[in-house]
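Analysis of the macromolecular model
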Amino acid sequence: MEPSDAKGATQWLFDRGWNCPWVFWEGDFDQNVNLWTDLASLQLAESTCSDQSWLMFKPAPILEESVDWIERSLKSNAKSSESQEMLSCLDIGCGSGRDLAWLLSRKAVDGRPMWRATAVDSSHGATNRTSAICENMGLSGQLDGTLNAKVAVNGLWRLLTRDNSNVQVNNASKKGGKPTAATGESTLEFFSETVQQQISGTIPPKHDLIITIRFLVRSILPHLPSLLNPGGYIIISHFVDHEDYKYDQPRQNHRLGMNELRDLFSSLEGMRVVVDKLEQIEDGRPVNSIIIRKEYSL
Ligand SMILES: C[S@@+](CC[C@H](N)C(=O)[O-])C[C@H]1O[C@@H](n2cnc3c(N)ncnc32)[C@H](O)[C@@H]1O
């Protein structure tokens, strides 16, 4: 794109109601030496410490505002010095990886731990974009793996091949040779057995933090604690049905009910709801953002 095209693009976006403060053309990155500082002054980019890459995206607010105290809590709870230095995150429904890449890009300054992460999404485009953003930011070494997997409404998981058909799981090596590939597998079985057997690499079976943002398959929620280390946290932020807000998407049956998450997790043994709030995303739609801690091993 040339600068003149960028002006046209800006106008095109304004005409269609987008609040679009800046449109780039690729030459900006080579020719405008003040680009990053100008963007930072408009709060369109940020560098949280001197040796961190510049970022032009923000994570979900609930993650950004809580990550410091979550890290302190996880660090103070860690049994070994190794687990104090490196924490593990599982992002379910990772999309393009904005939350995960932001988390991995945090540097181990001021005694902060580092993060490693696993990204799960049914869309190959999504996991490809997550891998690409991590690679571009020099974070691939912290990405334990991306999983193309789909969870059905009944809560059963399947690994997908590139054409979205089921991966053939080697059932002979599974207890009793159950034909699990056809029907899918429970959350615990999928992550602790199939992923460990089928995916090369270092995806841990349990994590210190599970995030699932703007993604809702209700049937897996009660099983998420089984993927957490003791003392670990779950962050969920999703659209909620609230009488003060009228909006079309997602449709009502894909929205949370008010207090649905709080009631569910409060009823699970060993789980404690530590944050529960109603927030608005950029376009004004309401989300319920909640943080739950696993107090002890179940
Ligand atoms: C609205 S996006 C949210 C992405 C990301 N968490 C974020 O906040 O930017 C929802 C993601 O969930 C994935 N997804 C939807 N249904 C799924 C399913 N049944 N199993 C696995 N992933 C699914 C979609 O491919 C999409 O990338």
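This text gives an overview of the structure that appears in the document.

What counts and how
- Residues numbered from 1 in each chain as written.
- Predicted model: local features only at pLDDT ≥ 70, side-chain atom pairs only at ≥ 80, totals over all residues.
- Heavy atoms only, no water.
- Pairing = 2+ DSSP bridges.
- Helix = DSSP H or I, 4+ residues; strand = E, 2+ residues; numbered from the N terminus.
- Axes fitted to C-alpha atoms, helices over the stretch in contact; angles between N-to-C directions.
- Contact = heavy atoms within 4.5 Å.
- Buried < 20%, exposed > 50% of the residue type's maximum accessible area, 1.4 Å probe, protein only.

**Some remarks on the sheet that holds strand β5 (residues 207–213)**
The strands making up a sheet associate through backbone hydrogen bonding, with each pair oriented either parallel or antiparallel. Spatially, the 8 strands line up as an open sheet ordered β4-β3-β2-β1-β5-β6-β8-β7, and their pairing is mixed. Both outer strands of the open sheet, β4 (157–159) and β7 (271–280), are each paired with one neighbouring strand and no more. In this sheet, adjacent strand axes meet at a mean angle of 25° when their direction is disregarded. Where strand β1 (residues 86–92) lies against β5, 3 bridges are found, and the strand directions are parallel. What sits directly across from Leu90, in β5, is Ile210. Lying over the sheet, helix α4 (residues 61–77) contacts β1, β2 (114–121), β5, β6 (228–239), β7 and β8 (286–294), oriented at roughly 175° with respect to β6. In the packing of helix α7 (residues 124–136) onto the sheet, contacts are made with β2 and β3 (143–151), and the angle to β3 comes to roughly 170°.

**Concerning the pairing of β8**
In summary, the side chains of a regular strand alternate between the two faces of the sheet. Where burial is concerned, most of β8 is hidden: 9 out of the 9 residues are buried. Side chains Pro286, Asn288, Ile290, Ile292 and Lys294 project from β8 onto one buried face, and the interleaved Val287, Ser289, Ile291 and Arg293 project onto a second face that is buried too. In this sheet, β8 lies alongside β6 in antiparallel orientation, the contact comprising 7 bridges. Looking at the pairing, Ile236 lines up with Ile290 of β8. Direction of pairing for β7 relative to β8: antiparallel, over a ladder of 9 bridges. By the bridge assignment, Asp276 is partnered in β8 with Ile290.

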